[in-house]
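Below are the chains, spelled out letter by letter.
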Amino acid sequence: MKGVLMNIYVGNLPYSTTRDELNSLFSQFGEVSAARVVKDRETDRSKGFGFVEMPNAAEANKAIESVNGQEVGGRRLVVNEARPREERPPRRF
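Structural notes, computed from the coordinates.

Definitions and limits used
- Residues numbered from 1 in each chain as written.
- Predicted model: local features only at pLDDT ≥ 70, side-chain atom pairs only at ≥ 80, totals over all residues.
- Heavy atoms only, no water.
- Helix = DSSP H or I, 4+ residues; strand = E, 2+ residues; numbered from the N terminus.
- Rg over C-alpha atoms; globule rule 2.2 N^0.38 Å.
- Buried < 20%, exposed > 50% of the residue type's maximum accessible area, 1.4 Å probe, protein only.
- Contact = heavy atoms within 4.5 Å.
- Pairing = 2+ DSSP bridges.
- Polar contact = N/O pair within 3.5 Å; in protein donor to acceptor, adjacent residues only side chain to side chain.
- Phe/Tyr/Trp six-rings, centres within 6.5 Å; stacked < 30°, edge-to-face > 60°.
- Lys NZ or Arg CZ within 6 Å of the ring centre and 35° of its normal.
- Salt bridge = Lys/Arg side-chain N within 4 Å of Asp/Glu carboxyl O.

**Things to note about the overall build of the protein**
- Assigned secondary structure in the protein consists of two helices and six strands.
- Going from N to C terminus, the protein has its helices and strands arranged as β-α-β-β-α-β-β-β.
- Rg of the C-alpha trace for the protein: 14 Å, near the compact-globule value of 12 Å for 93 residues, within the 12% margin.
- Counting only residues that meet the buried cut, the protein has 33% of its 93 residues in that class.
- Contacts in the protein between residues at least 24 apart in sequence constitute 63% of all its contacts with a sequence separation of at least 6.

So, in structure tokens, the structure goes:
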């Protein structure tokens, strides 16, 4: 099923994980169109989670099934289909 971009949440990542490592982990299962590790804006340090986009739903589901629970850098990954981002009110300081 090509054409449906699937966004995958990857949690409990080791803080040292790079975008390239995340891409490499998922590209074993198919084409990866984007991979990103979420970083803190102020410190530029990883927040321990990221997202991977895969254009083929069957490959994405196989990747989720295979990578979820896998241990990377001593941490057991939590992987599932990402929920749509909720609109949040602007933060006021």
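**Notes on the pairing of strand 2 (residues 34-39)**
- When strand 2 meets strand 3 (residues 46-56), the two strands line up antiparallel, connected through five bridges. Of the residues in strand 3, the one forming a bridge with Val37 is Gly50.

**Focus: the side chain of Ser46**
- Within the secondary structure layout, Ser46 lies in strand 3.
- Reaching out from Ser46, the side chain makes a polar contact with the backbone nitrogen of Gly48 at a distance of 2.9 Å.
- Not counting residues within four places of it along the chain, the set of residues in contact with Ser46 comprises Tyr15, Val37, Val38 and Lys39.

**Structural notes on the packing of aromatic side chains**
- Here the structure, examined in full by the defined rule, presents three aromatic pairs.
- On the basis of an interplanar angle of 65° and a centroid distance of 5.9 Å, the ring pair of Tyr9 and Phe51 is categorised as edge-to-face. Residue Tyr9 is located in strand 1 (residues 2-11), and its partner Phe51 is located in strand 3; the two are separated by 42 residues in the primary sequence.
- Summarising the aromatic geometry, the rings of Phe49 and Phe51 are spaced 6.0 Å apart at their centres and angled 85° between planes, so their arrangement reads as edge-to-face.
- Aromatic ring contacts, followed pair by pair, group Tyr9, Phe49 and Phe51 into a single cluster.
- The side chain of Arg45 reaches across the aromatic face of Tyr15, ending 4.3 Å from its centre.
- Its guanidinium or amino end placed over the ring of Tyr15, Arg75 lies 5.2 Å from that ring's centre, counting from NZ or CZ.

**A closer look at unusual backbone geometry**
- The phi angle at Asn12 is positive, at roughly 65°, despite the residue not being glycine.
- By the element assignment, Asn12 lies in the loop between strand 1 and helix 1 (19-27).
- For Asp44, which is not glycine, the phi dihedral falls at a positive 60°.
- Here Asp44 is to be found in the loop between strand 2 and strand 3.

**Some details on the pattern of salt bridges**
- On inspection of all chains with the given rule, the structure shows one salt bridge.
- Residue Glu71 is joined to Arg76 by a salt bridge in which the shortest nitrogen-to-oxygen separation is 3.4 Å.

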